[in-house]
Amino acid sequence: MSRHLYLDASPPPYTGPRDYLDRDAFRKSFSVLGARVPPERTRVLLKAGELRNCLMDLPKIRTVVSDSSQPDGDRLVLLRMANEADIPQEAQGFLDKEAKGLVEYKVDLDYDYWTAEECLQVFLPEELREGAPVGFAMTGHIAHVNLNNEYLPFKHIIGQLILDKNKRVKTVVNKLDSIDTKFRFFKMELIAGEPDYVVEHHESDCRFTFDFTEVYWNSRLHTEHDRLVQMFKPEDVVADVFAGVGPFAVPAAKKGCAVLGNDLNPNSAKYLLKNVQGNRVADLVRVSCEDGRDFIRTSVSRLFDEPFPAYTGPKPSRMQEEKERKRLQKLAAEGQPVPPTTLADSTKPRQRISHFVMNLPDSAIEFLDAFRGILTDNETGRNLSGTYDEMPMIHCHCFTRELEPANAERDIRQRAEEKLGYPLTAETSFHLVRSVAPNKEMYCISFRLPREVAFAS
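Rules behind the numbers
- Residues numbered from 1 in each chain as written.
- Predicted model: local features only at pLDDT ≥ 70, side-chain atom pairs only at ≥ 80, totals over all residues.
- Heavy atoms only, no water.
- UniProt positions renumbered as here; feature names shortened; annotations may be inferred.
- Helix = DSSP H or I, 4+ residues; strand = E, 2+ residues; numbered from the N terminus.
- Contact = heavy atoms within 4.5 Å.
- Axes fitted to C-alpha atoms, helices over the stretch in contact; angles between N-to-C directions.
- Parallel < 35°, antiparallel > 145°, perpendicular 65-115°, else oblique.
- Left-handed = near helix turned anticlockwise from the far one by under 90°.
- Nonpolar A, V, L, I, M, F, W, Y, C, P; charged D, E, K, R; others polar.
- Domains from an automatic or database assignment.
- Buried area = accessible area lost by both parts, 1.4 Å probe.
- Salt bridge = Lys/Arg side-chain N within 4 Å of Asp/Glu carboxyl O.
- 1 Å grid on protein atoms, 1.4 Å probe; cavity = no way out; pocket = protein on both sides within 12 Å on 5 of 7 lines; lining within 4 Å.
- Points joined across faces, edges and corners; volume = space filled by probe spheres on them.
- Buried < 20%, exposed > 50% of the residue type's maximum accessible area, 1.4 Å probe, protein only.
- Pairing = 2+ DSSP bridges.

An unreviewed UniProt entry lists the chain under the name tRNA (guanine(37)-N1)-methyltransferase, with Galerina marginata as the source organism. Entered under Catalytic activity (unreviewed entry) in the UniProt record, the comment concerning the chain runs "guanosine(37) in tRNA + S-adenosyl-L-methionine = N(1)-methylguanosine(37) in tRNA + S-adenosyl-L-homocysteine + H(+)". On record in UniProt, under Subunit (unreviewed entry), the comment for the chain is "Monomer."

Dropping the structure here:
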């Protein structure tokens with residue numbers, strides 16, 4: 001086949017201004033051949049083996065179009081070549097027999113045709129095209145990017161392209177290098193769209209509402225959220241030390257777990273409470289706003305003094321609740337005895353924490369010393385060894401500069417044991433969560449709290 005069989009649908013060189021995006025500069029036209037056929041015969045041409053390598057195959061361009069000279073009559077089956085001489089002999093013979101002739105058809109492409117990446121490739125200076133930033137993360141209606149310094153002069157163009165090419169996006173922000181030193185959330189700047197930062201984000205069949213400028217949220221951790229929640233049993237109690245707005249706490253509660261959810265950031269605690277209520281798990285999550293070290297040290301005694309009710313099975317849906325309500329109303333109207341809505345539970349209340357989640361990778365390891373002596377109650381002389389016949393599992397997220405897995409595990413283990421003041425047990429695992437930078441990895445170390453640490457004086 002000749003080179004003319006391959007249509008160049010790339011965007012034209014950008015000749016517009018550089019201080020804003022001129023959408024009219026993205027226009028391109030070319031001609032192809034169209035085989036005129038009655039409407040009922042178009043399928044024959046589309047399925048013909050003889051035309052397999054000849055039909056128009058550009059994305060977003062219809063292969064069958066109306067004939068402008070006969071809008072209510074014949075159709076045009078578009079080919080991928082502009083000259084009749086480029087049609088292979090076998091295909092030409094088939095068209096001579098099946099079509100009513102060939103006509104020229106003009107294909108017009110504009111700004112809407114190309115992707116953000118394709119437009120950016122012709123807009124940027126040539127030396128910046130390789131590695132151009134077109135990827136972004138979605139949080140609700142917000143797209144957020146991390147732009148390197150060399151692309152900052154074009155940040156508003158990049159933001160506008162993302163906004164134009166993604167219908168779900170209403171706001172585009174660029175994360176800045178500065179991080180809130182106390183609450184560890186990213187600061188950001190608006191580069192396109194509406195200054196609307198309160199999002200509704202859906203994950204793990206849960207709905208999360210929060211102000212993206214006030215709390216920490218990372219959509220790329222969805223898999224990690226699911227991974228840990230899958231480890232929990234419905235009857236477990238989970239203590240979420242740095243709970244944020246609830247990406248671990250809310251799905252765990254929907255599974256049936258009882259959760260102690262804590263965050264030092266008042267805005268995180270505010271939205272955590274909102275998300276707990278919005279996802280109908282308020283009876284299973286207790287929200288607090290305090291320092292993580294204080295939360296760890298007091299969580300065991302708090303739960304012992306105020307246990308959660310025993311797990312009674314899956315929580316019914318709204319539809320199931322409504323159906324049960326109508327059933328009971330009907331029984332009452334008929335004068336029949338109405339059974340209790342819930343069965344009396346014979347199992348014990350939940351007084352033991354099964355898992356501690358510590359998702360603050362920048363500094364969570366520094367809080368491990370708070371576990372020393374958490375089961376030693378010197379004030380009341382209470383003996384918790386019977387309640388904690390099995391020690392809780394600790395899931396601690398952290399960063400490491402070691403890229404080799406064996407070295408990374410050695411580094412993380414050494415730092416964790418140093419803070420605990422005791423060697424970790426054999427029941428210890430390491431999970432690589434994600435690479436966050438060329439020389440920085442995020443891990444989760446999971447281990448069962450050594451009894452010697454929990455009962456240390």
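The structure having been displayed, the exposition proceeds.
Asker: Tell me about the side chain of histidine 395, and name the residues and values.
Answerer: Position of histidine 395 among the secondary structure elements: in strand S15 (residues 393-400). Apart from residues no more than four positions distant in its own chain, histidine 395 is found in contact with Leu228, Met231, Phe232, His355, Phe356, Val357, Met358, Cys444, Ile445 and Ser446.

Asker: Any details on the packing of helix H3 (residues 116-123) against helix H4 (residues 155-165)? Residues and values, ideally.
Answerer: Relative orientation and spacing of two packed helices are given, respectively, by the angle between their axes and the distance between those axes. The geometry of H3 relative to H4 is characterised by a closest axis approach of 9 Å and an angle of 155 degrees between their N-to-C directions. Classified by the interaxial angle, the pair formed by H3 and H4 is roughly antiparallel. The element H3 and its partner H4 pack so that their crossing is right-handed. For the pair H3 and H4, contact is made by Ala116, Cys119, Leu120 and Phe123 and by Ile157, Ile158, Leu161 and Lys165, respectively. The residue makeup of the contact of H3 with H4, split by class, is seven nonpolar, no polar and one charged.

Asker: Explain the domain arrangement of the chain residue by residue, including any values.
Answerer: Considered domain by domain, the chain is made up of domain 1 (28-109), domain 2 (116-196) and domain 3 (218-311 + 345-455). Just the C-alpha atoms count here: the centres of domain 2 and domain 3 sit 33 Å apart. Across the contact, eight residues belong to domain 2 and seven residues belong to domain 3. In total, domain 2 and domain 3 occlude about 610 Å² of area from one another, counting both sides; carbon and sulfur atoms represent 57% of this. When the buried area of domain 2 at its contact with domain 3 is split by residue, Ala137, Phe183 and Arg184 rank highest and sum to 61% of it. Here domain 2 and domain 3 share zero salt bridges between them.

Asker: Mind laying out empty space enclosed by the protein, listing which residues take part and the relevant values?
Answerer: Evaluation of the coordinates by the stated rule reveals two cavities of 30 Å³ or more. In this structure, the largest cavity occupies an estimated 40 Å³ of space. A per-class count over the lining of the largest cavity returns seven nonpolar, no polar and one charged. Lining of the second largest cavity is provided by Ala116, Leu120, Pro133, Val134, Ile158, Leu161 and Ile162. For the lining of the second largest cavity, the elements supplying multiple residues, two or more each, are H3 and H4. The element that contributes the greatest number of residues to the lining of the second largest cavity is H4, accounting for three residues. Among the residues making up the lining of the second largest cavity, the classes are represented as seven nonpolar, no polar and no charged.

Asker: Outline unusual backbone geometry, listing residues and values.
Answerer: Its identity as a non-glycine residue notwithstanding, aspartate 205 has a phi of 60 degrees, on the positive side. The residue arginine 280 is not glycine, and still its phi comes out positive at about 60 degrees. Owing to a relative accessible area of 24%, arginine 280 belongs among the partly exposed residues under this scheme.

Asker: With reference to specific residues and values, describe the sheet that holds strand S7 (residues 171-179).
Answerer: The four strands are arranged S5-S6-S7-S8 in an open sheet whose pairing can be described as mixed. This sheet does not close on itself; its edge strands, each paired only once, are strand S5 (137-139) and strand S8 (186-193). On average, each strand axis in the sheet is inclined to that of its neighbour by 35 degrees, with strand direction left out of account. Here three bridges tie S5 to strand S6 (residues 142-145), and the two strands are oriented antiparallel to one another. Residue pairing in the sheet places methionine 138 in a bridge with alanine 143 of S6. Along the sheet, H4 makes contact with S6, S7 and S8, crossing S8 at roughly 70 degrees.

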